[in-house]
Amino acid sequence: MTTGAHDGPVPEADLRGQRALDLLDKAIDIQSPLVRKNIARARQRNPEATPARVIRNLERMYVSALTGTGAAVGGTAAAPGVGTGVALALSAGEALSSLELTALFALSIAEVHGVPIDELERRRTIVMGIMLGGTGSTTITKIAERTGQHWGRQIVAKVPLETLRQINKVLGKNFVTKYGTKQGIIVLGRVAPFGIGAVIGGGANAALATLAVRAGRRAFGPPPTSWPYLTHNAPPASENSHR
C-alpha cells in the first residue's frame, strides 16, 4: 500500500486500477494518429470499396491480429529454455498490444461512420464503450439520458464533453474491474505448458475480438451508404503522420 500526499494510504487495488487506465490512455494516444492509415490499408485492394466493405475488412484485420498476438505469446511457454517468468513478462507487454489493437479498431470504425474523434474524451468513450459491450452501452445511455439504438452515433457525436467526462468516470471503473479480471485469467492461461497456452491465448483473444466486433456493430449500427466527409476527404496517411 502506498501513501498519498493528501489522503493517506492508497490501496494497492486503486494503484493497479490507475495503471490499467494509464495503459488505456497510452494505447489511445499511440493509435489515434494511425486511424486513417488503418482505413487506407483496409481499402488498398479496392479503393472504390463501400464503407460496409471496409468495415468488414477492418473487422477481419482486427480479429486476425488480436488472435495472432495471443497465440504467439502463449506459445512461448512451450518453447525450450523459456520459463514461466519470461512468459509472464511477455504477457504483460502483450496487454498493451491488445489495448492498442482494440483502440485502433474502435476508433477506425468510428471514423468510417463519420463520428468525430478529435477530443480525447470522445475517444475514451468509444474505446471503453466497445470493450465493455452491453455494460458500456447501458452506462452511456443512462448517464447521457438518451434512449435509442447506436450510442456511437447518437451520443458520442452529440452530447457535451462534460457529459462524456461523467460517462468516462463510470466506464473507467467498469473497465478496471472487467478488463483487469479477464486479462488476469488470460495471462495465467498462456503460461500453461506444452503449447496449451498458445491455444488458450489465441482462443481467448479471438473471443474478446469477436465480442468487440459485435459491440462495434451495436454501437454504430448499419454502415453509411457513402463515405462521410471527414474520411472521404482525408489527406494522405503521410500527412497525418506528422500531426
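One can find the structure itself at the top, above this paragraph.
K.L.:
When you look at the overall build of the chain in this model, what are you seeing that I'm missing?
P.N.:
Helices and strands together make up the secondary structure of the chain, namely eleven helices and two strands. Order of helices (α) and strands (β) in the chain, N terminus to C terminus: β-β-α-α-α-α-α-α-α-α-α-α-α. The burial tally for the chain puts 43% of its 243 residues in the buried class. Summarising the internal contacts of the chain: among those between residues at least 6 apart in sequence, 74% fall at separations of at least 24. Surface exposure of the chain reaches about 12500 Å², of which carbon and sulfur atoms provide 58%.

K.L.:
Help me understand the side chain of Thr-125 in this model?
P.N.:
Structurally, the position occupied by Thr-125 is in helix α5 (residues 120-132). Overall, Thr-125 belongs to the buried group, its relative accessible area being 0%. At 2.9 Å, the side chain of Thr-125 and the backbone oxygen of Glu-121 are in polar contact. Apart from the residues within four sequence positions on either side, Thr-125 is in contact with Ile-140, Trp-151, Val-156, Leu-164, Ile-167, Asn-168 and Leu-171.

K.L.:
Would you mind showing me how to read helix α2 (residues 35-43) here?
P.N.:
Because the α-helix completes a turn every 3.6 residues, residues three or four places apart line up on one side. For α2, the complete set of buried residues consists of Val-35, Arg-36, Asn-38, Ile-39, Ala-42 and Arg-43. Axial view of α2: buried residues confined to an arc of 155°, hence all on one face.

K.L.:
Just checking my understanding: could you explain the packing of aromatic side chains for this structure?
P.N.:
To describe a pair of aromatic rings, you give the distance between the ring centres and the angle between the ring planes. Summed over all chains, the structure comprises two aromatic pairs. Ring geometry for Tyr-62 versus Phe-105: centroids 4.4 Å apart, planes at 5°, classification stacked. On the criterion of sequence distance, the pair formed by Tyr-62 in helix α3 (residues 51-75) and Phe-105 in helix α4 (residues 84-112) is long-range, its members being 43 residues apart. For Phe-105, a relative accessible area of 3% corresponds to the buried category. Relative to Phe-220, the ring of Trp-151 has its centre 6.3 Å away and its plane inclined at 40°; by these criteria the two rings are tilted. Here Trp-151 is found in helix α7 (residues 151-154), whereas its partner Phe-220 is found in helix α9 (residues 196-220), with 69 residues between them in sequence. The residues Trp-151 and Phe-220 share a single accessibility class, namely buried.

K.L.:
Is there a simple way to explain α5 in this structure?
P.N.:
Taking 1.5 Å as the rise per residue, α5 with 13 residues should run 18 Å; its terminal C-alpha atoms sit 18 Å apart, in good agreement. Where α5 terminates, the next one or two residues include Gly-133, which has phi positive at roughly 60°.

K.L.:
How should a positive patch on the surface be read in this particular structure?
P.N.:
Taken together, the side chains of Arg-45, Arg-53, Arg-56 and Arg-60 present a region of like positive charge at the surface. Structurally, Arg-53 can be placed in helix α3.

K.L.:
Help me understand the nonpolar core in this model?
P.N.:
Nonpolar side chains in soluble globular proteins generally cluster together in the buried interior. Counting residues in hydrophobic clusters, the biggest one holds 47 residues, and the most contacted among them are Val-54, Ile-126, Ile-130 and Phe-220. Every element with two or more residues in this core is listed here: α1 (12-31), α2, α3, α4, α5, α6 (134-144), α8 (161-190) and α9. In terms of residue count, α4 provides more of this core than any other element does, nine residues in total. When neighbours within four sequence positions are excluded, Val-54 is seen to be in contact with Ile-39, Ala-42, Arg-43, Ala-49, Val-112 and Trp-227.

K.L.:
I'm lost on unusual backbone geometry in this one. Help?
P.N.:
Across the chain, the bulk of peptide bonds are trans and the bulk of non-glycine residues have phi less than zero. We note that Glu-145 has phi near 55°; this positive angle belongs to a residue other than glycine. Mapped onto the elements of the fold, Glu-145 is located in the loop between α6 and α7. Positive phi, close to 60°, is recorded for His-150, a residue that is not glycine. Note on placement: His-150 falls in the loop between α6 and α7. Using a relative accessible area of 18% as the deciding quantity, one classes His-150 as buried.

K.L.:
Quick question: what am I supposed to make of the environment of Ala-219 here?
P.N.:
Mapped onto the elements of the fold, Ala-219 is located in helix α9. Note on Ala-219: relative accessible area 0%, which makes it buried. A C-alpha to C-alpha distance of 8.8 Å links Ala-219 and Gly-133, two positions 86 residues apart in sequence.

K.L.:
Where do I start with the environment of Lys-158 in this structure?
P.N.:
Its place among the elements puts Lys-158 in the loop between α7 and α8. Sequence separation of Lys-158 and Pro-116 is 42 residues, and the distance between their C-alpha atoms is 9.4 Å. With residues up to four places along the chain from it excluded, the contact list for Lys-158 reads Arg-122, Arg-146 and Arg-153.

Conventions used here
Residues numbered from 1 in each chain as written. Predicted model: local features only at pLDDT ≥ 70, side-chain atom pairs only at ≥ 80, totals over all residues. Heavy atoms only, no water. Helix = DSSP H or I, 4+ residues; strand = E, 2+ residues; numbered from the N terminus. Buried < 20%, exposed > 50% of the residue type's maximum accessible area, 1.4 Å probe, protein only. Contact = heavy atoms within 4.5 Å. Areas by Shrake-Rupley, 256 points an atom, 1.4 Å probe, with all protein chains shown as cover. Polar contact = N/O pair within 3.5 Å; in protein donor to acceptor, adjacent residues only side chain to side chain. Arc of directions from axis to C-beta. Phe/Tyr/Trp six-rings, centres within 6.5 Å; stacked < 30°, edge-to-face > 60°. Expected span 1.5 Å × (residues − 1). Patch = residues over 30% accessible without salt bridge, like charges linked within 9 Å, V, L, I, M, F, W, Y side chains within 5 Å. Salt bridge = Lys/Arg side-chain N within 4 Å of Asp/Glu carboxyl O. Lys, Arg positive; Asp, Glu negative; His and termini not counted. Charge placed at Lys NZ, Arg CZ, Asp CG, Glu CD. Core = buried A, V, L, I, M, F, W, Y, C linked by side-chain atoms within 4.5 Å.

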